[in-house]
Structure formats: structure tokens, C-alpha cells
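Structure at a glance
Given next are the chains, with one letter for each unit.
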Amino acid sequence: MAVLVDENTRVIVQGITGREGSFHTKLMLEYGTKIVAGVTPGKGGAVVHGVPVYDTMEEAVAEHPEANASIVFVPARFAADAVYEAIDAGMKVVVVITEHIPVHETLEFVNYAKRKGTVIIGPNCPGIISPGKTKIGIMPGHVFAPGPVGIVSRSGTLTYEIAYALTRAGLGQTTAIGIGGDPVVGLTFTEAMELFEKDPDTKALVLIGEIGGDMEERAAMMVKEGRFTKPVVAFVAGRTAPPGKRMGHAGAIIMMGTGTYEGKVKALEEAGIRVARTPMEIPKLVREALEQK
Amino acid sequence: MAVLVDENTRVIVQGITGREGSFHTKLMLEYGTKIVAGVTPGKGGAVVHGVPVYDTMEEAVAEHPEANASIVFVPARFAADAVYEAIDAGMKVVVVITEHIPVHETLEFVNYAKRKGTVIIGPNCPGIISPGKTKIGIMPGHVFAPGPVGIVSRSGTLTYEIAYALTRAGLGQTTAIGIGGDPVVGLTFTEAMELFEKDPDTKALVLIGEIGGDMEERAAMMVKEGRFTKPVVAFVAGRTAPPGKRMGHAGAIIMMGTGTYEGKVKALEEAGIRVARTPMEIPKLVREALEQK
Amino acid sequence: MKLFEFEAKEILKKYGVEVPPSVLIKKGEDPLAKIKEAGLEPPVVVKSQVLVAGRGKAGGVKLARTLEEAVELVNKLFETPIKGLKPSYILIEKAIEHEAELYTAIIIDRSERKPVVLASKYGGMDIEEIAREKPESIIRLHIDPDVGLRGYHARVIGKKIGLSGKALSSYSRFLMALYRAFMDYDADLAESNPLALVGDRVIPLDARIIVDDNALYKHPELGERKLEETGEYTEWEIKARKMGLAFVELDGDVGIIGNGAGLTMTTMDLVYEYGGKPANFLDIGGGASAELVKTAVGFLFEFPKAKKIFMNIFGGITRCDEVARGVIKAIEELGGMKKPLVIRLSGTNEEEGRRILREAGIEAFTDPIEAVKKVVSL
Amino acid sequence: MKLFEFEAKEILKKYGVEVPPSVLIKKGEDPLAKIKEAGLEPPVVVKSQVLVAGRGKAGGVKLARTLEEAVELVNKLFETPIKGLKPSYILIEKAIEHEAELYTAIIIDRSERKPVVLASKYGGMDIEEIAREKPESIIRLHIDPDVGLRGYHARVIGKKIGLSGKALSSYSRFLMALYRAFMDYDADLAESNPLALVGDRVIPLDARIIVDDNALYKHPELGERKLEETGEYTEWEIKARKMGLAFVELDGDVGIIGNGAGLTMTTMDLVYEYGGKPANFLDIGGGASAELVKTAVGFLFEFPKAKKIFMNIFGGITRCDEVARGVIKAIEELGGMKKPLVIRLSGTNEEEGRRILREAGIEAFTDPIEAVKKVVSL
């Protein structure tokens with residue numbers, strides 16, 4: 001088992017003819033992801049790495065009705081449109097890689113997706129991978145391996161680092177989700193946790209947070225209230241980041257005194273969650289958690 | 001029984017301090033309508049015909065949580081806002097008397113109401129009456145009487161005329177709904193018919209149509225398909241109106257060859273509905289229909 | 001309110017649509033100077049700016065192959081009434097060679113209560129004609145008011161009317177601009193027909209926008225359209241509108257006054273049913289004052305087509321006594337009973353109304369059918 | 001992008017909000033002439049137009065009781081740096097007597113994924129202060145993106161901060177305008193603090209709008225804000241931005257380069273954990289080219305606070321060999337290894353990267369902890 005995506009997921013790549021879209025289509029195909037179609041307006045009829053390209057999602061879905069997820073590589077100015085198109089074409093999961101989407105547009109499509117029952121991952125995210133089954137994203141596939149650990153993360157590279165450490169420690173993953181570094185994202189920590197709670201194969205969860213916002217606090221509340229019952233190991237990046245400064249991610253900023261490292265760690269620890277001081281401690285803490293269980 | 005509103009309906013009058021709002025509040029109270037509050041922004045604290053006035057629906061509902069319907073007398077420029085306020089305050093039925101609301105605004109609030117489960121009657125309508133129980137509208141109460149006939153109508157005065165004829169013929173009404181003369185209205189013929197179908201006390205339905213649009217055709221289809229099973233007597237105003245001319249109601253206009261009298265009558269008759277040539281025939285046709293049943 | 005073609009095109013241009021190079025000639029201006037100033041080269045299309053439908057067929061659109069011909073046509077069109085109406089403006093446009101003529105409009109679908117895009121690969125004829133001759137070519141797409149029309153909707157439609165590649169992108173941009181015009185201007189209709197396909201782009205050869213009259217207050221920049229300019233109203237309809245009356249001129253001889261649109265239409269129908277022909281529709285609405293009734297009756301006294309008058313009132317909010325007083329006022333103040341007047345009065349304060357009329361020697365009917373028979377027989 | 005107070009007020013004015021009568025003085029203009037031309041009578045408030053927070057406390061806002069005093073203050077404020085920044089504009093406003101100071105802002109609630117209105121009857125202090133001292137006074141109302149903020153929402157909020165009658169209507173119009181600004185300008189924040197209550201109307205004494213940088217392309221009319229004008233960035237941050245580097249200046253002495261924001265922040269945290277202090281945050285992002293790596297390393301070679309450099313790379317999409325080549329380029333092309341450089345290299349093409357570095361005499365670490373210990377010990 002895995003959450004959201006697995007070997008049965010059939011993927012459409014939106015913006016497949018662009019540089020990024022084409023490059024990662026190749027990598028995803030190599031990983032084993034079942035990509036059934038691509039969409040780029042005005043490029044209908046082309047073929048990219050063996051994948052047929054259509055002008056619209058409507059046409060792509062008409063030809064490939066089995067498609068149930070899409071990944072968006074469309075430039076920021078047109079990305080919201082692509083997301084709406086994917087939602088209306090009935091995609092269950094839409095992974096938005098694109099960064100620099102205006103936050104007002106993200107607000108709109110995230111609310112719309114919720115109403116339509118579509119899960120949005122991102123924007124500005126590395127995507128989702130269920131190791132050994134499918135990879136819908138830009139993460140390096142080789143650092144992941146199948147196993148019992150779920151990962152949900154606001155950070156890209158840090159996730160790879162931690163996943164690699166877990167993998168080398170013999171702790172593979174059910175699914176790893178990079179939810180994205182923007183202030184407003186589709187799938188949140190708590191929503192991801194609801195999915196991992198229901199997945200019988202996930203035995204423990206690694207939560208990789210950052211300063212800014214209150215998603216970590218909400219995750220802690222969920223554990224505290226017993227709505228998430230599996231062992232959680234957390235890490236929060238940005239302990240030493242000064243307030244008011246944007247640290248790379250638009251979302252990683254301490255504002256009006258909220259979203260501090262201390263506040264997050266306090267909330268997590270009060271909920272009984274182990275918080276690692278460094279990413280390298282995580283495999284050990286996960287193993288302990290699994291053994292205690 | 002009755003549809004949508006009855007003696008248990010508790011009404012808030014929006015725009016109660018205006019000339020029309022105040023006048024019809026008096027008439028409705030005289031009829032026996034249970035008006036619990038009025039709302040006019042900036043006039044909170046006033047009292048109109050014994051009814052307390054609030055600045056916002058939120059306050060009115062806080063003081064009168066039993067309120068479940070509202071009637072809107074607010075001027076066209078502010079009417080859409082009042083309708084949204086009523087929907088968000090949890091009103092189940094909102095009667096919009098106001099005319100000249102821009103149709104784009106009506107589109108918006110009608111779609112919003114649908115999503116929220118609120119029934120909008122109107123705009124540009126006389127309202128709804130369940131004779132002997134309650135009157136939420138501007139119709140003359142004395143022409144109606146309790147009885148077994150449902151009425152749904154696109155026209156105001158014509159409804160009074162026909163109701164009066166029915167009443168004098170001893171055929172009282174369960175509920176009469178004036179759905180309004182605008183091109184786009186909240187409650188449609190078919191939606192009203194769904195309600196009358198479920199009301200055990202309604203034994204026959206009088207449908208008062210007009211040229212323009214295709215609501216009569218849709219009503220006919222509903223009968224034809226067996227989704228409405230009670231006897232229906234119809235009248236369609238505007239047999240002799242020339243195409244392309246707006247006959248008073250913005251909705252009553254034949255455009256692009258659709259919405260003609262002939263088309264409507266043909267559809268109705270093909271569905272087995274009796275169509276009266278004059279309003280005066282209606283009581284006779286209703287009586288026949290009731291007796292055949 | 002209908003916008004002129006040049007106004008509709010200005011709006012589309014503002015929203016980034018490529019429109020044919022053009023120059024607008026106001027009555028009294030020097031066409032040659034203006035054409036030269038604008039740098040327009042023939043061939044050009046000379047178009048009478050009137051708001052009536054069927055302008056082309058009525059001779060309001062002409063091709064000019066030389067400047068001289070263009071000037072001649074301008075002068076001629078200023079003097080050519082289209083359905084009774086001479087233009088105040090002539091639009092001269094560069095003639096655009098094109099491969100195909102498409103149709104695209106956005107209107108409001110009343111029943112679905114959503115805007116709907118209508119498009120066809122067969123433009124250049126009326127939508128009614130397309131619906132008759134190529135019904136399968138008409139693409140309909142409803143717009144969810146919460147989402148709006150988005151680029152991908154426009155592309156889906158464009159594909160279905162046969163466009164691809166860059167032409168598809170051009171069409172998509174055009175349709176988004178048309179939608180923006182439709183929304184920003186609270187339009188009942190925004191249309192381009194024909195919409196020309198020129199290589200890999202689309203260019204509207206004609207454009208129509210009708211703004212919802214109820215929303216005009218939001219668009220003070222549109223200014224006032226003189227009723228005389230629109231070609232929608234007859235002389236007497238214009239008079240009536242200026243007096244605040246809801247009046248439509250018809251072809252018969254029985255003047256009609258009713259209260260409420262449905263009842264007034266029904267009164268017309270009854271007159272027909274019993275062998276008469278209505279001269280007009282005149283709705284005094286709900287709760288009319290004696291003053292308004294006086295104005296309405298006085299207006300029909302003057303309206304020459306009405307040889308006799310039938311007034312059909314059902315008193316709901318409208319009070320019969322008030323109506324009766326208005327009738328008396330009209331007779332007393334406007335020089336007597338100028339035409340035969342049959343009145344049916346029923347409903348609120350019926351007795352009092354009837355009494356007032358009786359004192360002035362008028363016997364009002366209760367039954368509309370009897371009243372109709374009477375008026376037709378006169 | 002933060003807008004200046006006078007820009008934010010112009011937008012609100014355009015949307016129908018009454019703002020204090022004012023005149024804007026650009027550096028070099030004659031204040032007295034401009035004040036007289038604008039017809040402003042003292043008392044006036046003289047306000048330094050800088051984009052840093054806490055302007056008032058830093059002495060950037062002064063009251064003048066006479067014209068002479070106003071002129072003096074203008075000249076003085078042009079020379080007074082606020083948090084290191086001298087203004088290019090001074091705004092002179094009529095001083096407005098008022099009964100109360102309110103607070104109103106619209107921001108985006110990340111977790112609810114909706115805009116939220118924050119309002120309080122206690123304005124004039126920071127929202128943080130209000131939250132600390134009068135937390136119960138803060139009214140929060142989330143806005144459904146499908147519906148938007150409507151007049152009645154504004155009235156509900158107005159009532160809850162104690163307004164009624166005409167003041168309530170005035171506040172409602174103000175808040176609708178603030179919301180329109182928030183939406184039209186893709187704002188992260190639109191705020192007025194203090195918002196003055198003057199009799200039965202409200203007048204914004206200060207106004208702030210922050211436009212989403214990602215949406216700036218939609219607002220070409222806003223023009224470019226020079227990085228130097230904003231007061232948000234240090235000299236070295238401005239240099240870095242101009243080179244396309246995501247760089248934040250800090251107070252320590254260990255220069256940091258990482259790939260990915262989370263990993264780079266974590267690298268900082270690790271340096272702290274092992275007793276060092278980072279001099280900066282520098283994220284080269286995903287899939288960095290050798291050229292970008294060269295630029296980043298070269299930049300830290302120049303950045304004086306960085307006495308030594310720690311480069312922490314986990315190769316995912318980023319290839320370790322490409323990173324190694326960039327480091328070599330920096331050393332070769334920019335004049336040698338100017339500062340001690342500790343590199344941790346792991347992930348994609350790790351071996352090849354390590355080999356390239358080894359050939360240049362650099363031994364890269366695999367374990368980040370060992371690498372951190374090394375760099376801190378230097």
C-alpha cells in the first residue's frame with residue numbers, strides 16, 4: 001500500500017514539451033511511472049519520449065480515460081489555468097511543480113479543488129513518490145526505497161537527504177510527499193497525516209517542517225487529540241533563521257512573532273512527538289519508535 | 001400542508017425601513033405573517049410596526065434564532081448584497097421583491113444559493129403565499145383562500161386575477177408562488193413542481209407562463225417523463241406579442257426564435273397538459289381535472 | 001443598451017484583441033482627410049453605424065476599392081436610412097482577406113442560469129441560420145460562475161471549431177477578451193460574427209455588445225444612448241419612454257392599458273381572441289397612482305393608432321379607486337373623453353372605483369370577457 | 001513589493017476612500033511652494049516615506065504647527081535616515097482631529113487558505129501589541145474566495161468594533177475599498193493603522209499595501225522599486241539579488257552555501273549546533289549549473305563577513321560533478337582559493353564530483369556532521 005499514488009496511477013504531464021517537463025518525463029518514465037499522455041496547448045500531435053501530446057486535457061482524457069493524476073510543469077503565468085483544467089478533467093491528484101504562482105491564484109484553485117474533491121500537491125513542490133511503485137515529481141528516485149516509513153515535508157533537498165539516510169539505514173518508505181514551500185499549498189501536513197493514518201503499511205511518520213506558518217503546530221494538535229496514532233519523528237528547519245527574513249522559500253518566514261522554531265518544537269514535543277536536532281538523528285529515532293511500537 | 005412556507009415560518013424583512021418595506025410589513029402582519037425582525041444597515045434600534053430593526057442579519061438572527069425566511073425590499077444596487085447576507089445567515093427561503101437587479105448579479109447569487117441550499121424566489125416577483133397560513137410577498141391576501149390547488153406563476157397581477165377566479169369558484173390554494181419576471185430567477189417552474197409533487201394537500205397545479213425562455217417547455221418535459229404526476233392546467237400569456245419586443249417583463253421576450261407561444265403550448269399539450277385560452281377558463285379546467293383524478 | 005460596432009471593437013482592442021485598422025467618421029467630418037490621416041489604404045469596408053439587426057442585408061456595409069469610392073460611399077451611407085434610421089457615424093475599416101469566417105458569442109442561458117459560449121466554424125450568417133443549416137456545428141459551453149471562463153475552456157472550444165497550433169492560441173486570447181468584455185460590461189450578449197481566420201490569427205470583422213440596462217449605472221463612461229439613435233423604438237415608443245410609460249406599439253386599433261406585464265399581455269390576447277387587434281401594450285405596473293393612470297390614458301388619447309381604449313385592471317396592490325380617479329382626471333384635465341373607453345375594474349376597492357366612474361357616467365365591467373366583447377364591438 | 005504610504009493612499013482614494021488632504025514632496029523640490037500650491041493649512045503632519053516598519057518610533061513622523069516648521073521638518077527628514085535609509089519622498093498631510101483610532105487589515109490566512117480581515121477598535125499600535133494587550137478586541141473574519149468580501153461582511157465587522165449609524169456605512173465603504181485594493185493588486189497585506197474615526201466617518205491616517213512579488217507582472221503601472229529604496233536589504237543582499245542569488249546576510253563568520261531552502265537552513269542550524277555562527281544563507285536551488293555555483297562561491301569569496309565557507313550539497317536533481325566543476329571554476333577564474341572552503345558532497349554523481357575536487361586538492365566530506373565540525377574548528 002501507499003498513499004494517494006501507486007502502481008495503478010496513470011499520469012498526464014501538463015507542460016510536457018517544455019524543458020523541465022520533457023526532462024522529468026524522461027526521468028519519471030525511467031523510474032517506472034505510468035505516464036499516459038502529455039498536454040501542451042498548440043503542440044497537439046507531438047510525441048515526447050514516446051508519450052503522445054494533446055492540446056487540451058479534455059482530449060487527453062478522452063483518449064486515455066484511465067488517467068487519474070497530473071503533474072504541472074507549466075510556467076507560473078499559465079499554471080493556475082492548467083490546474084483548473086486538470087481538476088475539471090477529473091484528476092484525483094494534481095502535483096504542481098511550478099514556483100512563483102501568485103498566491104491569490106493558488107488560494108482560488110486550492111479552494112476550488114477542495115470543493116471538487118481533487119488533491120493538490122504543491123505548488124512549488126518536489127512532488128510525491130511511492131518508492132518502487134511510482135514517482136510523480138522531480139525528486140531523485142534512487143535515494144528512496146520501499147518500506148514502512150511515511151514522509152511528509154515542506155522542503156525538497158532536505159527530504160532527499162533524510163530519505164537517503166533512512167534508506168541507507170534500511171528504513172524504506174511507503175510514500176514521501178513534498179507539500180511545497182509556498183505560504184499557501186494544497187495538501188497540508190494534517191491532510192497528509194489523515195491519509196497516512198489510514199494506510200496500514202505506514203508504521204511511522206517523518207514530518208519535515210520549517211519555520212513560518214502553523215502547519216507543524218496543527219500537526220502536533222492532531223497527534224495530541226489522538227487523530228493521528230502512529231509514531232511521529234519530526235525535524236524543523238530554520239532554528240537559527242532571524243525573524244522577518246525570507247529564507248529561500250516564500251513560506252519560510254517568521255512574521256508577527258508566529259511560526260518560530262521554538263513555538264513549533266514546543267507544540268510538537270508537548271504532543272509527545274520526538275523532534276530531531278539534526279537530520280542525521282532521524283533514522284535512529286525512527287527505528288526506536290518502530291521498535292517501541 | 002403547503003410548500004416552502006407556512007404558519008411556522010418566521011420572517012425577517014430586509015429593507016424594512018424603506019417605503020415599500022414598511023408598507024408591506026404592515027400588510028403582511030395584518031395577514032398574519034410572523035415577522036420577527038427587520039434589517040436596515042445604519043438603522044439598528046428602530047422599530048417598524050412593532051418589529052425590531054437591526055443593522056445586520058447576523059444580529060437579527062442572534063436575537064431571533066427561529067427566523068428561517070427573509071423578504072428583500074432593498075434597492076437594486078444593494079439587493080444582491082442583502083441576498084448574500086440572507087443566505088449566509090442561514091435563511092431557507094429568500095423572497096426577492098426588488099426589480100432591476102443586474103442579471104449578472106442574479107446569476108451569481110442564484111448559483112451561490114443553490115450551493116448553500118437556500119431557495120431564492122424572484123427577483124422581481126410578488127412573493128409566496130400559503131393562504132390562511134402566511135404571506136411573504138406583496139400580493140393582495142384577500143384574493144387567495146386555502147384549498148387544494150397549487151399555483152406557480154411568472155406573472156404578478158395575472159396570478160391575482162386567476163387566484164381570485166379560483167377562490168370565487170370555491171377552489172382554494174395550498175401555496176401560490178410568483179417566481180418573478182426577470183430572465184434569470186431563483187426558483188424555476190420545475191423546481192417548484194418538485195415541491196408541489198411532494199405536498200400531499202396539493203391536488204392540482206395551475207402553471208401561469210409567459211412567452212420567452214424555456215421554463216414552460218421544461219415543465220412539460222417533467223410531466224411527460226412522469227416526474228410530476230398531478231393534474232396540471234396551464235396558461236401562457238403573450239400569444240399575440242410580436243417577436244423581439246420586450247413586453248414589460250425583461251424575461252418576456254421572444255429571441256432567436258425561441259420562447260414563442262406556439263412552441264410552449266405545443267410542448268405543454270404534448271405532455272397532456274390542458275392549456276387555457278383565457279384565464280377565465282381556468283377554474284373550470286381545474287375542477288374537471290380534480291374530478292377526473 | 002446596444003453598443004455600436006466601433007464601441008464594441010474599442011473595448012475588445014483595449015483588452016488586447018487585434019481589430020482591423022479603421023477610422024471613424026462623424027457626420028459632418030471630411031472623410032478623405034480622416035482616411036488619409038489614419039493612413040488607411042484601400043480596399044476598405046465602409047460600414048453604417050446603426051444598431052438595428054440585418055444591417056448588411058439592408059445595404060449598410062459596402063466595399064470600396066479606391067479612396068474616391070470610399071468617400072462617395074460615406075456620403076451616400078450618411079443619407080441612407082437602415083430600417084428607417086440614418087447613421088450618425090460611419091466606420092471605415094481596412095478590408096481583411098481571410099480564409100474562413102467563424103462565429104462566437106457569449107450569452108446568458110436563463111434555464112441553466114449560467115453564461116454560455118456559442119461557437120461555430122460557420123460564421124457570417126445569423127446564429128438562427130447556423131442553427132437551421134449547420135446545427136451540429138454549434139459548440140455550447142456553459143461557464144461556472146464561480147470559476148469563470150478560463151484559457152483552457154477557450155482552447156477546448158477553439159479545437160472544436162477546427163483550430164489548432166497558433167490559430168488556437170490566438171482564438172483563445174480573443175475569447176478570453178470577449179469574456180472579459182461580457183463580464184466587465186455586465187453584458188447580455190457579446191458576439192463577433194464574422195470572426196475572421198487570417199493565417200494563424202483571428203480578427204473580429206464585426207462585434208456586438210449589449211449591456212444590461214439595469215447595470216448601466218456601473219458604466220458611466222458609456223454615456224447615454226439617445227433613444228432615437230438605437231433604432232429599437234418607434235416615435236411613439238420614444239415619447240412614452242420619456243414619460244415613464246412601459247409602452248410597445250403594435251399594429252391594431254384597440255388601445256390597451258393593463259396593470260402588470262402578464263395581465264396586460266393577456267388583455268392583448270383576449271382582444272385578439274374576440275376578433276379585435278391591439279394597437280399597443282401599456283403596463284401601468286403595480287400600485288399605480290391616479291397621476292400615472294391619467295398620464296397613460298392621456299397618452300392613448302393622443303396615440304393615433306388607438307381608435308378606442310380598453311383598460312383592464314385587476315386591483316391587487318393597485319387600488320381601483322385610485323385608477324378611477326386617474327381616469328376622471330384624464331378626462332377632465334385633458335379635454336374630455338376623446339376616444340371610446342371600456343374599463344374593466346376588479347379587486348381592491350372595486351366598489352369605490354366603480355362608484356367614482358359611475359358618477360362620471362362610465363359603467364365599468366367586472367368580467368373581462370364581457371368588457372372585451374364590448375370594446376371589440378365598438 | 002511594499003508600496004509607499006502615498007502610493008497605498010492613492011489607490012484607496014481611487015477606490016473612493018476619503019484620505020487626508022496632502023502634498024508629496026520629492027527630494028529637491030521646494031516644500032513651501034508645493035504646500036501653498038496644494039492649499040494646505042497647518043497644523044500638518046510631515047511623514048518620511050520609507051518602507052521600513054516602526055517609522056513613527058524612529059522619528060519619521062512629525063507634527064508641524066506652522067508652515068515654517070513644516071518646511072524645516074521636511075528638510076530635516078530628508079536628511080534623517082530611518083533604520084539606515086534616507087527618504088526620497090516626504091508626504092505632508094493635513095492633521096486630522098479624531099475621536100478614536102481603529103485598526104483594519106486584510107491578510108492571507110495560510111492555514112485556512114482564505115483571506116482574513118483583522119479589525120480592532122484599538123488602532124495606533126502594532127497588531128502584535130494589540131494581540132498582546134487587547135487580544136479580545138481583535139475581530140477576525142475569513143473571506144470565502146467564491147463570494148468575496150461583501151458590504152454586509154464589512155458592516156458586521158464595523159459593528160463589532162463599535163461603529164453604528166453613518167460611521168458604520170463609512171467604515172463599510174472603506175473596508176470594501178481596502179478589499180478591492182487587496183484583490184486588484186494581488187496583495188499579501190492591505191492595512192490601515194491608525195484608521196481615524198472623525199465624527200460619522202473614517203479616514204485612514206496611515207495605509208500599507210504589500211504586493212505579491214510573483215504577481216508584479218500584472219501591475220506594470222507600479223513600476224520597479226529599486227532594491228535600495230526598500231530598506232529591506234543590506235548592501236550585500238542587494239548585490240546578491242542583482243546577481244540572481246538567494247542570499248540573506250547574517251551576523252556570524254561561516255559562509256554557507258546549500259542547495260534547497262530547507263537544506264540550507266538546516267546547514268545553518270548545524271553550524272550553530274556545533275558552535276559556529278553562519279555569516280549568511282545562500283541557496284543555489286535545484287539543478288544548479290557549474291556557472292551558478294561559480295557565482296555563488298565567488299560571491300562568498302568577496303563577502304567580507306564570511307571568513308570561511310561551508311558548502312553543503314545533497315545531489316538530487318543537482319549533480320555533484322556539476323557543483324564540483326563550479327567550485328574549480330571559481331578558484332581558477334576568480335583568483336584562487338581566497339578563503340578556507342569545506343565541502344560536503346553527497347548524492348547524484350557524488351563519486352565524479354569528489355574525483356574532480358580531489359584533483360584540485362580538495363577533499364570533500366560525505367557526512368555533513370564531520371564537515372560541520374571541520375569548518376567550525378578552522
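Now for a description of the structure that goes with this document.

Reading the values: the criteria
Residues numbered from 1 in each chain as written. Chains lettered and ligands numbered in written order. Predicted model: local features only at pLDDT ≥ 70, side-chain atom pairs only at ≥ 80, totals over all residues. Heavy atoms only, no water. Contact = heavy atoms within 4.5 Å. Buried area = accessible area lost by both parts, 1.4 Å probe. Salt bridge = Lys/Arg side-chain N within 4 Å of Asp/Glu carboxyl O. Polar contact = N/O pair within 3.5 Å; in protein donor to acceptor, adjacent residues only side chain to side chain. Helix = DSSP H or I, 4+ residues; strand = E, 2+ residues; numbered from the N terminus. Nonpolar A, V, L, I, M, F, W, Y, C, P; charged D, E, K, R; others polar. Axes fitted to C-alpha atoms, helices over the stretch in contact; angles between N-to-C directions. Parallel < 35°, antiparallel > 145°, perpendicular 65-115°, else oblique. Pairing = 2+ DSSP bridges. Right-handed = clockwise from strand over helix to strand, strands pointing away.

1. Quick notes on the interface of chain B and chain C
How large an interface is tends to be reported as the accessible area lost when its parts come together. The interface is formed by 60 residues belonging to chain B together with 46 residues belonging to chain C. Overall, the association of chain B and chain C removes approximately 4400 Å² of surface from exposure, summing both partners, and the carbon and sulfur fraction of that is 59%. Across the contact surface, chain B and chain C share seven salt bridges. Its salt-bridge partner being Glu191(B), residue Arg113(C) comes within 2.8 Å of it at the nearest N-O pair. Run the count over chain B and chain C and you get 18 residue pairs in polar contact (both at pLDDT 80 or more). Contributions of two or more residues to the side of chain B that touches chain C are made by helix 1 (19-31), helix 4 (103-116), helix 5 (157-168) and strand 13 (232-237) of chain B. Considering each element in turn, the side of chain B that touches chain C owes the most residues, eight residues, to helix 4 of chain B. Here the residues of the side of chain B that touches chain C are counted per class, giving 29 nonpolar, 17 polar and 14 charged.

2. Some thoughts on the packing of helix 5 (residues 157-168) of chain A against helix 9 (residues 261-273) of chain D
In contact at an axis separation of 5 Å, helix 5 of chain A and helix 9 of chain D are set at 70° when each is read in the N-to-C sense. When the axis of helix 5 of chain A is compared with that of helix 9 of chain D, the two are roughly perpendicular. Between helix 5 of chain A, through Thr157(A), Leu158(A) and Glu161(A), and helix 9 of chain D, the contact on the second element is made entirely by Gly262(D), Leu263(D) and Thr266(D). The residue makeup of the contact of helix 5 of chain A with helix 9 of chain D, split by class, is two nonpolar, three polar and one charged.

3. A few points about the pairing of strand 10 (residues 146-153) of chain B
In regular strands, side chains alternate between the two faces of the sheet. Residue and element names in this part refer to chain B. Here strand 10 runs beside strand 11 (residues 173-178); their pairing, made up of five bridges, is parallel. Its bridge partner being in strand 11, Val 149 is matched across the sheet by Gln 173. Each parallel crossover has a hand, and for strand 10 linked through helix 5 to strand 11 it is right-handed.

4. Describing the interface of chain A and chain D
The partner chain D presents 46 residues to the 60 residues of chain A that form the contact. Across the chain A to chain D interface the summed buried area is about 4400 Å²; carbon plus sulfur atoms make up 60%. Across the pair Glu105(A) and Lys218(D) runs a salt bridge, and its minimum N-O distance is 2.4 Å. Applying the counting criterion to the chain A and chain D interface returns 18 residue pairs in polar contact (both at pLDDT 80 or more). Of all the elements in the fold, those that place two or more residues in the side of chain A that touches chain D are helix 1 (19-31), helix 4 (103-116), helix 5 and strand 13 (232-237) of chain A. Considering every element that reaches the side of chain A that touches chain D, the biggest residue donor is helix 4 of chain A, with eight residues. Along the lines of polarity and charge, the residues of the side of chain A that touches chain D split into 29 nonpolar, 17 polar and 14 charged.

5. Digging into unusual backbone geometry
Following Asn193(C), the chain continues to Pro194(C) via a peptide bond in cis, the omega torsion being 0°. Note that Pro194(C) resides in strand 8 (residues 187-198). Positive phi, normally seen in glycine, also occurs at His49(A), with a value near 50°. Along the polypeptide, His49(A) turns up in the loop between strand 3 (47-48) and strand 4 (51-54).

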